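Residue-level structure breakdown
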Amino acid sequence: MRLTHIYKLQPSAEQVAKMETWLEMLRRHHNYALGQRFDWRRRTRCQIDRCSLVSEPIGDIPENFPGYNFQARELKTTKELFPVYKEIHAEVQQQNLKRLDLSWDRWTKPDKSGKRAGRPKFKKKGQLRSFTFPRINCPKAGVNRIENGLLTLSKIGSMPVIMHRPFPDGFELLTATIVKKADGWYVAISLEDDTVPTAKPIDEIKSAVGIDLGLKSFLVTSNGESVDVQQHYRKTQRHLARQQKKLARKQSSSVNSQKQKPKISLVHQRIGRKRKDFHYNVAHQLVKKYDLIAVEDLNILGLARTRLAKSIYDVAWGKFLAILEAVALRSGVHFVKVNPHSTTVDCSSCKTKVPKTLSVRLHQCPKCGIEIDRDENAAINILHKGLTTLGLTVAACGRLSDYTPNEAGIPNSDVRMLTVYSQN
């Protein structure tokens, strides 16, 4: 299991200047290496007797593709031509090339589903905001040590660290990434432990819940509970618009514009932190209360192409589900994603299809006569699908009780049944 702990740094003015110089030099080297790959691709895209008669690049064509190994070997030549690169730790430069190689592979090689990432882009000034030391507390490592609230970096020096929480026992320190954010510098320590948390046995599941995500309410559970939408961005967009208007009135690349840009970055950072804190609070409340959590496997990018895009990006369902899954994994709680198809249309009581528009907020079944909120009805259907995924069946729609299969005298090898209360 791998974790990441982020701590605030308190570097001196000299150390800040040196780290900013590192970022700029690494950005230039990243753009050179990316251009080298694009140039090789352009030169070798067709055979030599089928080149364009209009224009073609001249010069020797490299025999091999300039991949990571080729570009890593050229680091020695780069330091001879540009001695300023000797001031940057060698492993940091190698990690910078590995990042480029990873983004290139994601673009050129499809994943298991056949999808590929976007084309790598050249980074403008200030866009590269982090660099990584791949080893900690090792001989000749870039991070010599981190202890007693002090972080020592090779060729940069020692600087205080705000250790707001200690490292967990049994975890090994792997990498350290120095990140420049709107409000200062941070270090992200990657930790790893060979042990993997095991989920609670299915026979011991006593409480389960289905979650329906929405825009009217952030989420509605199969128990009828709901969490209000916070709208972090919409509540701050007027203030953000004023700050952006001030920037638009200033001359580009002027001193005043450079002073205004960090103010806008701080607004965006504050919005993101409020949203992240809200997601973690809701995730921990759900994990502490239930042994099984079933959610929808939403196509968020597809939903964001509608006129509700701003509201969908504001609630950030994708980030919440990723946080909820991580918290559930660490706590040993079952986390199940189900197909959201027809969860809103099907009746949770008799499975009759009851089509309804988005404006209709009440589910009324003409067959069984049940009347409940449409989001709660969808959450119950999500719970049913989640239980079916784990090999469990539901006797009737409603809330799960503490009635377990063993109490009923049913062997564990038989069909597992969770008895539930009726919503009526």
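If you're wondering where the values come from, they're calculated on a predicted model, not measured in any experiment. (Residues numbered from 1 in each chain as written. Predicted model: local features only at pLDDT ≥ 70, side-chain atom pairs only at ≥ 80, totals over all residues. Heavy atoms only, no water.)

1. Structural notes on the sheet that holds strand β4 (residues 150-153)
Across the sheet, which stays open at both edges, the seven strands sit in the order β2-β6-β7-β1-β5-β4-β3 with antiparallel pairing between neighbours. Single-partner strands in this sheet number two, and they are β2 (130-133) and β3 (143-147). Each adjacent strand pair in this sheet contributes to an overall mean axis angle of 30°, direction not counted. Its contacts with the sheet put helix α4 (residues 90-108) on β2 and β6 (172-181), and the angle it makes with β2 is roughly 115°. (Pairing = 2+ DSSP bridges. Helix = DSSP H or I, 4+ residues; strand = E, 2+ residues; numbered from the N terminus. Axes fitted to C-alpha atoms, helices over the stretch in contact; angles between N-to-C directions. Contact = heavy atoms within 4.5 Å.)

2. Re the environment of Ile380
Turning to its location among the elements, Ile380 is positioned in helix α10 (residues 374-389). Taking relative accessible area as the criterion, Ile380 reaches 0% and is therefore assigned buried. For the pair Ile380 and Asp212, spaced 168 residues apart in sequence, the C-alpha to C-alpha distance is 8.6 Å. (Buried < 20%, exposed > 50% of the residue type's maximum accessible area, 1.4 Å probe, protein only.)

3. As for the nonpolar core
Of all hydrophobic cores here, the largest spans 28 residues; its most connected members are Phe131, Leu151, Ile178, Val187 and Ile189. Residue assignment for this core shows that the elements contributing at least two residues are β1 (2-9), α1 (13-43), β2, β3, β4, β5 (157-162), β6 and β7 (184-192). No other element matches the five residues that α1 contributes to this core. Those residues within four positions of Leu151 in sequence are excluded, and the remaining contacts are Leu9, Val143, Arg145, Ile146, Gly157, Ser158, Met159, Val161, Ile178 and Val187. Phe278, Val282, Val315 and Trp317 belong to the second-largest nonpolar core, a separate cluster that totals 26 residues. (Core = buried A, V, L, I, M, F, W, Y, C linked by side-chain atoms within 4.5 Å.)

4. Things to note about a positive patch on the surface
Residues Arg238, Arg242, Lys246, Lys250, Lys259 and Lys263 make up a contiguous surface patch of positive charge. Tracing the sequence through the fold places Lys246 in helix α5 (residues 232-249). The class of Lys246 is partly exposed, set by a relative accessible area of 45%. (Patch = residues over 30% accessible without salt bridge, like charges linked within 9 Å, V, L, I, M, F, W, Y side chains within 5 Å. Areas by Shrake-Rupley, 256 points an atom, 1.4 Å probe, with all protein chains shown as cover. Salt bridge = Lys/Arg side-chain N within 4 Å of Asp/Glu carboxyl O. Lys, Arg positive; Asp, Glu negative; His and termini not counted. Charge placed at Lys NZ, Arg CZ, Asp CG, Glu CD.)

5. Remarks on the side chain of Asn377
You can see Asn377 is positioned in helix α10. In this structure the side chain of Asn377 is engaged in a polar contact, spanning 2.9 Å, whose partner is the backbone oxygen of Asp346. The contact partners of Asn377, leaving out residues within four places of it in the chain, are Thr343, Thr344, Asp346, Cys347, Ser348, His363 and Ile372. (Polar contact = N/O pair within 3.5 Å; in protein donor to acceptor, adjacent residues only side chain to side chain.)

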